[in-house]
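Letter by letter, the chains look like this.
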Amino acid sequence: MAPPTPSAARRITGVGLATASGVAVAVQSRINGELGVRLADGIAAAVVSFGSGLLVLLVLVPATPAGRRGLSALRGALADGTLRPWQCLGGVCGAFLVAAQGLTIGTLGVAIFTVAVVAGQSGSSLAVDRAGVGPGGPQPVTGQRLAGAALTVVAVLLAVGDRLGDPGALGLALLPMFAGVAIAWQQAVNGRVRMASGSALTATLVNFSVGTVVLLVAFAVDVASRGWPAGGAPREPWLYLGGPIGIVFIAIAAAIVRFTGVLLLGLATIAGQIVGAVLLDLLLPTAASRPGPVTLLGAALTMVAVLVAALAPPPRTGR
């Protein structure tokens, strides 16, 4: 039996929330990128970001009735097989994205980082929706959506075109692209956790718990191979806001993906990310993030690609 089709009002509300959360992700990217530069270690910055978010959730979830009910429902869903353990691993993908922010934004800038994430996310969202990984069930792939995904890849090549002769920069651009591929799967399985637990906060706690464990293991390997981060802990409070911003993003995505589907959620988030990233790099530029005309053209093409896919008729769920 196909899941019920959500109302237009819920889909529009979901798209608005996803767009706003996309702007927040662009801000988070700048914060974590700057923290990675200050600490001289992108993995350490990711641990700080995820770890701070986890600490907030460890206090918030047990303190709220909805959070406690969600934890109980989550245990029941895992026990009776309604929710599979692998569906609780979305935080691995979130950890990858946050690590990529700390490792690459200091060199690439927020705009190029975001365009690369977009390329991976849009194509991966098509596959995840088609496979029915998310709570909305399988959704068919259309030619218009394929065209939108293909345009995003062209946009990435255009945005990094002035760096084609620099293999190091291209390698860095591939890292956020792969992170984008992972985001779609993360949003889908986090939506499953949210449905099983009945609580977006509980789903967010699961995401941050898994991600923090993964990042701590990666940080231990990093310290063993390269030593303790050379940079000192910065004093500016805003550099520690990446975790709380991540809580908002993950909670919104987990709550609305069942109304929007993975693809539409991803497209709306992408729109917010692109707008936020370009504005940040234009209004608050850093040495590595002064976008030129080619990068801006790549960002504009990405928005066109999002529009192409978003204007496609909504796919019917089920068979």
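Structure shown above.
Residues numbered from 1 in each chain as written. Predicted model: local features only at pLDDT ≥ 70, side-chain atom pairs only at ≥ 80, totals over all residues. Heavy atoms only, no water.

Here we come to the overall build of the chain. Scanning the chain from N- to C-terminus turns up ten helices and zero strands. In the chain, the succession of helices and strands from N to C terminus is α-α-α-α-α-α-α-α-α-α. Across the 319 residues in the chain, those meeting the buried criterion constitute 52%. Restricting to contacts in the chain with at least 6 residues of sequence separation, those with at least 24 account for 86%. (Helix = DSSP H or I, 4+ residues; strand = E, 2+ residues; numbered from the N terminus. Buried < 20%, exposed > 50% of the residue type's maximum accessible area, 1.4 Å probe, protein only. Contact = heavy atoms within 4.5 Å.)

Take the pattern of salt bridges next. Enumeration over the complete set of coordinates arrives at four salt bridges. One salt bridge connects Arg-226 with Asp-41, and the closest N-O pair in it is separated by 3.4 Å. Here Arg-226, found in helix 8 (residues 200-226), pairs with Asp-41, found in the loop between helix 1 (8-39) and helix 2 (42-63); they are 185 residues apart in sequence, far enough to count as distant. Residue Arg-226 is classed as exposed on the basis of its relative accessible area, which comes to 57%. You can call Asp-41 buried: its relative accessible area is 3%. Of the charged contacts in the structure, one is a salt bridge between Arg-226 and Asp-222, with a shortest N-O distance of 2.9 Å. With a gap of four residues between them, Arg-226 and Asp-222 both fall in helix 8, about one helical turn apart. (Salt bridge = Lys/Arg side-chain N within 4 Å of Asp/Glu carboxyl O.)

Let us now look at the nonpolar core. One finds Leu-57, Phe-208 and Leu-215 to be the most contacted residues of the largest nonpolar core, which totals 23 residues. Elements that contribute at least two residues to this core include exactly helix 1, helix 2, helix 4 (90-108), helix 8 and helix 9 (242-283). At nine residues, helix 2 tops the list of elements feeding residues into this core. In this structure Leu-57 touches Pro-62, Leu-201, Thr-204, Leu-205, Phe-208 and Ile-247, once residues within four positions along its chain are discounted. (Core = buried A, V, L, I, M, F, W, Y, C linked by side-chain atoms within 4.5 Å.)

A surface patch of nonpolar side chains, about 540 Å² in accessible area, is lined by Val-275, Leu-279, Leu-282, Leu-283, Leu-284 and Leu-296. No other element matches the four residues that helix 9 contributes to the nonpolar patch. The residue Leu-284 is located in the loop between helix 9 and helix 10 (293-310) in this model. (Patch = residues over 30% accessible without salt bridge, like charges linked within 9 Å, V, L, I, M, F, W, Y side chains within 5 Å. Areas by Shrake-Rupley, 256 points an atom, 1.4 Å probe, with all protein chains shown as cover.)

Let us now look at the packing of aromatic side chains. Tallied over the entire structure, the rule returns three aromatic pairs. The interplanar angle of 25° and the centroid separation of 6.3 Å between the aromatic rings of Trp-86 and Trp-185 together place this pair among those described as stacked. Of the two residues, Trp-86 is situated in the loop between helix 3 (65-80) and helix 4 and Trp-185 in helix 7 (residues 167-197); the sequence distance between them amounts to 99 residues. Given a relative accessible area of 43%, Trp-86 falls into the partly exposed group. Note on Trp-185: relative accessible area 25%, which makes it partly exposed. (Phe/Tyr/Trp six-rings, centres within 6.5 Å; stacked < 30°, edge-to-face > 60°.)

Bringing unusual backbone geometry into the picture now. Peptide bonds are mostly trans, and most non-glycine residues show a negative phi. The backbone of Ala-40 shows a phi angle near 60°, a positive value even though the residue is not glycine. Within the secondary structure layout, Ala-40 lies in the loop between helix 1 and helix 2. Using a relative accessible area of 44% as the deciding quantity, one classes Ala-40 as partly exposed.

On the secondary structure map, Ser-49 appears in helix 2. Classification of Ser-49 by relative accessible area gives buried; the value is 4%. Remark: the alpha-carbon pair of Ser-49 and Val-98, spanning 49 residues in sequence, is separated by 7.7 Å. In this view, Ser-49 contacts Gln-28, Asn-32, Val-98, Gly-242 and Gly-243; residues no more than four positions away in its chain are not counted. Here the side chain of Ser-49 touches Asn-32 through a polar contact of 3.4 Å, side chain to side chain. (Polar contact = N/O pair within 3.5 Å; in protein donor to acceptor, adjacent residues only side chain to side chain.)

As far as function goes, none of this settles anything; it's purely spatial.
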